Every structure is written in C-alpha cells, then in structure tokens.
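Architecture at a glance
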Amino acid sequence: MMMTITEIFKSIQGESTYAGLPCSFIRTTGCNLRCVWCDTEYAFYGGKQMTISEIVASIEPHQCNLVEITGGEPLLQSEVSQLAEELIRKKYTVLIETGGALDISALPKAVIKIMDIKCPDSGMMQEMDWSNLEKLTPQDEVKFVINSRIDYDWAVKILNDSQLHRRNVVLFSPVYRKMQPEVLAEWILKDNLPVRFQIQLHKVLWGETPGK
C-alpha cells in the first residue's frame, strides 16, 4: 500500500490547541484546492512513493508521540486512513489537517481532525462540504483563516448560525504577512467571540522555510 509523500520532518506544532508541542509531520502530496494565500504550493506535485511501513519507520527516530498528517490535502489519498490506524495502533496521538472539501467520515474515530472552513478571500469557499460539520466529534477543531474584514464577518456569521463553539474548539488565524494579527485580535476582543486566536508559531520561529 503506497502513498505519495512530499516530506517528513520534526518541528514545533504551530497551530491548534497542540501549538508549542514537538510534533512529527507527514506531508502528503497533492491538493484539490487552490487557496490564493496557500503557503505549501510545493506539495501540489511530485513527492516520493512510500509504503505505510516506511512512513511509520521514518518518524520513529523523532521519538515524538504527537504526529500530524498534513498536505496538500491528506484525504485525497484513500490510504491515509490506514496510515492513521497504524499510527494509532502504535500509540501515537494523530492530528489530520484537512481543507474541509472532502468527506471526513472515513477517518478513524481516534484521529483528531483540524478542519478548515474556507473564507471568501481564499477563493475556495464554494468547495466546502458543509455536511462535514455534522461529522465532527468533540475532540476535533475547526479553523478559519482570516484575510480581511469580509472574511471575519463571514466567519462570525457561520460561527453564530452553526453554534460551532458549543461542540468544538474554534480557531481564528490571520493569513501570514497579509492580515495584521493585532487587528484580528482586537476584533475578537471587541465582539467577545468564543474562539481561540492563534498565530502560526512555526512561522514566527522560522518564516516560510519548508520542512519547519
């Protein structure tokens, strides 16, 4: 059983409620979306064919219990469920970052899904699979990447209409070097939103260096 992998590396988890923890990253190749602010276009193509056993063996030297499968879009490769199951069997805590356009229900229940809801400025809002909201479990987290006031107001409406925060951690994140973090923070404070503000910690540390 083969997967196409762009890179495997150890870093500091930069997002979600797991931010700040050492984490092994498995970045799959390929994405069905083209967000205008995408920071991982290098993962759209290429990659290396690896078996699930080879992938798992590659992270073992990291001696890190937390693993994130990211992309690209991991759910484009059906084998991702088997990879997650094997990691869980080996007692890893498994996070999967997904863009929200593909069905998340095939993933093992123990996987912690970090699911984007694409805002208008991403250009990919129309690709969202809204049925995924009903498939989230309480351990999962939902992320809005905010680029403008338009994005913010839209995200607040989604939040209020769906009452997402009553079931899941909701993350609001500014687009790196485009949305001023302090402005987004002030909006959240003014509106007293029940969300977690986050900055991509790995970019604070290393900028946009691949494999960090």
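Just so we're clear, the structure is a prediction, and the values are computed from it rather than from any experiment. (Residues numbered from 1 in each chain as written. Predicted model: local features only at pLDDT ≥ 70, side-chain atom pairs only at ≥ 80, totals over all residues. Heavy atoms only, no water.)

A regular strand places its side chains so that they alternate between the two faces of the sheet. In terms of burial, strand E8 (residues 169–174) is a largely internal element, five of the six residues being buried. Here six bridges tie strand E7 (residues 141–146) to E8, and the two strands are oriented parallel to one another. Along E8, the bridge assignment pairs Ile146 with Pro174. Regarding topology, helix H3 (residues 149–162) serves as the crossover connection from E7 to the parallel E8, and that connection is right-handed. (Buried < 20%, exposed > 50% of the residue type's maximum accessible area, 1.4 Å probe, protein only. Helix = DSSP H or I, 4+ residues; strand = E, 2+ residues; numbered from the N terminus. Pairing = 2+ DSSP bridges. Right-handed = clockwise from strand over helix to strand, strands pointing away.)

Bringing the side chain of Asp140 into the picture now. You can see Asp140 is positioned in the loop between strand E6 (112–116) and E7. Among the polar contacts listed, one links the side chain of Asp140 to the backbone nitrogen of Thr137, at a separation of 2.7 Å. With near-sequence residues (within four places) excluded, Asp140 lies in contact with Val111, Ile112, Lys113, Asn168 and Val169. (Polar contact = N/O pair within 3.5 Å; in protein donor to acceptor, adjacent residues only side chain to side chain. Contact = heavy atoms within 4.5 Å.)

Here Gly71 and Gly72 are connected by a cis peptide whose omega angle stands at 5°. Counting through the fold element by element, Gly72 comes out in the loop between strand E4 (66–70) and helix H2 (80–89). The phi dihedral of Asn192 is positive, around 55°, even though this residue is not glycine. Tracing the backbone shows Asn192 in the loop between helix H4 (181–191) and strand E9 (196–197).

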